[in-house]
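Chain by chain, the residues:
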Amino acid sequence: MYIVQIKYIDTGYIPKLVRFNSSVSGVFVNRNPRNLERLRIARKPDGYHLEKPGRKFWHKLVLTPTNRTVKAEVIHFVNGPIIEAKTSELALRNQLYSITDTCAYKNLGKVFAQRCLECGIMEMYCDIEAVKGGKVEKFLNEVEKGGIKLQEMEVYKKPEPWDRFRPEKPWEVTEE
């Protein structure tokens, strides 16, 4: 049985939901800073209308090829790089004949997709233009095969009462 109690703290009165004979705290603290992004209700930064487009994202895929190595990373719009994979890493470099050829791009895509899934990032914004049949296209195909969507969902907008179409709420689970 649940009751509402008022507990006095130095800052004033705070309502608290407590169960009889329960040692569980009635205060919940969200320790996941990206929870609102996963629920699709966090704000996406737009920037100013005079700036170049392509800044409206939570996570962005950046592929940086150089003469010697290739680096793939996920950039968060506030915190910067959060996941990174390079062909110059010892574990990956030892398995490759060359660290800049097509096979290196494909294996980098597999490793990068696995790291993203382990960190809980399943979708990201990608504005990379790939040449048909090129190395970059093979990298993007491997990332998609690994289970990563290369486009982010739109921010959930609460429907107005007069709206005909009511989108599914991202935090509700519908069983089929």
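Note: the structure precedes this text.
Residues numbered from 1 in each chain as written. Predicted model: local features only at pLDDT ≥ 70, side-chain atom pairs only at ≥ 80, totals over all residues. Heavy atoms only, no water.

Participant: Looking at this model, I keep getting lost on the packing of aromatic side chains. Mind explaining?
Facilitator: Here the distance between the centres and the angle between the planes together describe a pair of aromatic rings. This structure, assessed with the given rule, holds two aromatic pairs. Ring centres of Phe-57 and Tyr-125 lie 5.9 Å apart, and the angle between their planes is 5°; this geometry places the pair in the stacked category. Here Phe-57 is found in the loop between α1 (35–38) and β3 (59–65), whereas its partner Tyr-125 is found in the loop between α3 (102–119) and α4 (135–145), with 68 residues between them in sequence. You can call Tyr-125 partly exposed: its relative accessible area is 23%. For the ring pair Phe-112 and Phe-139, a centre distance of 6.2 Å and an interplane angle of 40° mean the geometry is tilted. On the criterion of sequence distance, the pair formed by Phe-112 in helix α3 and Phe-139 in helix α4 is long-range, its members being 27 residues apart. Comparing Phe-112 with Phe-139 shows no difference in burial state: the two are buried. A cation sits over an aromatic face here: Lys-44 above Trp-58, 4.6 Å from the ring centre. (Phe/Tyr/Trp six-rings, centres within 6.5 Å; stacked < 30°, edge-to-face > 60°. Helix = DSSP H or I, 4+ residues; strand = E, 2+ residues; numbered from the N terminus. Buried < 20%, exposed > 50% of the residue type's maximum accessible area, 1.4 Å probe, protein only. Lys NZ or Arg CZ within 6 Å of the ring centre and 35° of its normal.)

Participant: When you look at the pairing of strand β5 (residues 80–86) in this model, what are you seeing that I'm missing?
Facilitator: Each regular strand shows side chains that alternate between the opposite faces of the sheet. Relative to β5, strand β4 (residues 70–76) is paired through six bridges, and the arrangement is antiparallel. Bridging across to β5, Val-74 finds its partner in Ile-83. Hairpin connection, β4 to β5: the antiparallel pair is bridged by three residues. (Pairing = 2+ DSSP bridges.)

Participant: I keep staring at the packing of α3 against α4 and nothing clicks. Help me out?
Facilitator: Any two packed helices are characterised by the angle at which their axes cross and by the distance between the axes. One way to put it is that α3 packs onto α4 with a least axis distance of 8 Å and a crossing angle of 25°. Viewed along their axes, α3 and α4 adopt a mutual orientation that is roughly parallel. For α3 against α4, the interelement crossing comes out right-handed. Listed contacts from α4 to Thr-102, Tyr-105, Lys-106, Leu-108, Gly-109, Lys-110, Phe-112 and Ala-113 of α3 are Lys-135, Val-136, Lys-138, Phe-139, Glu-142 and Val-143. Grouping the constituent residues of the contact of α3 with α4 by class yields seven nonpolar, two polar and five charged. (Axes fitted to C-alpha atoms, helices over the stretch in contact; angles between N-to-C directions. Parallel < 35°, antiparallel > 145°, perpendicular 65-115°, else oblique. Left-handed = near helix turned anticlockwise from the far one by under 90°. Contact = heavy atoms within 4.5 Å. Nonpolar A, V, L, I, M, F, W, Y, C, P; charged D, E, K, R; others polar.)

Participant: Before we go on, may I ask you to explain the environment of Leu-117 in this structure?
Facilitator: Relative to the assigned elements, Leu-117 resides in helix α3. A relative accessible area of 39% places Leu-117 in the partly exposed class. Leu-117 sits 31 residues away from Ile-148 along the chain, and the two C-alpha atoms are 7.6 Å apart. When residues no more than four places from it in sequence are discounted, the contact partners of Leu-117 are Met-122, Gly-146, Gly-147 and Ile-148.

Participant: I keep staring at α3 and nothing clicks. Help me out?
Facilitator: An ideal rise of 1.5 Å per residue puts 26 Å on 18 residues; α3 measures up with 26 Å between its terminal C-alpha atoms. The complete set of buried residues in α3 reads Ala-104, Tyr-105, Leu-108, Gly-109, Phe-112, Ala-113 and Cys-116. All buried residues of α3 fall inside an arc of 165° around its axis, so they share one side. On its buried face, α3 is in contact with β3, β4, β5, α2 (90–93) and α4. (Expected span 1.5 Å × (residues − 1). Arc of directions from axis to C-beta.)

Participant: How do you make sense of the pattern of salt bridges when you look at a structure like this?
Facilitator: Where charged atoms of side chains with opposite charge meet at close range, the side chains can pair. Counting across every chain of the model gives six salt bridges. Lys-60 serves as the salt-bridge partner of Asp-127, at 3.5 Å between the closest nitrogen and oxygen. In this pair, Asp-127 is assigned in the loop between α3 and α4 and Lys-60 in strand β3, connecting sequence segments 67 residues apart. What makes Lys-60 buried here is its relative accessible area of 18%. Through salt bridges with shared partners, a single ionic network connects Lys-71, Glu-84 and Lys-86. (Salt bridge = Lys/Arg side-chain N within 4 Å of Asp/Glu carboxyl O.)

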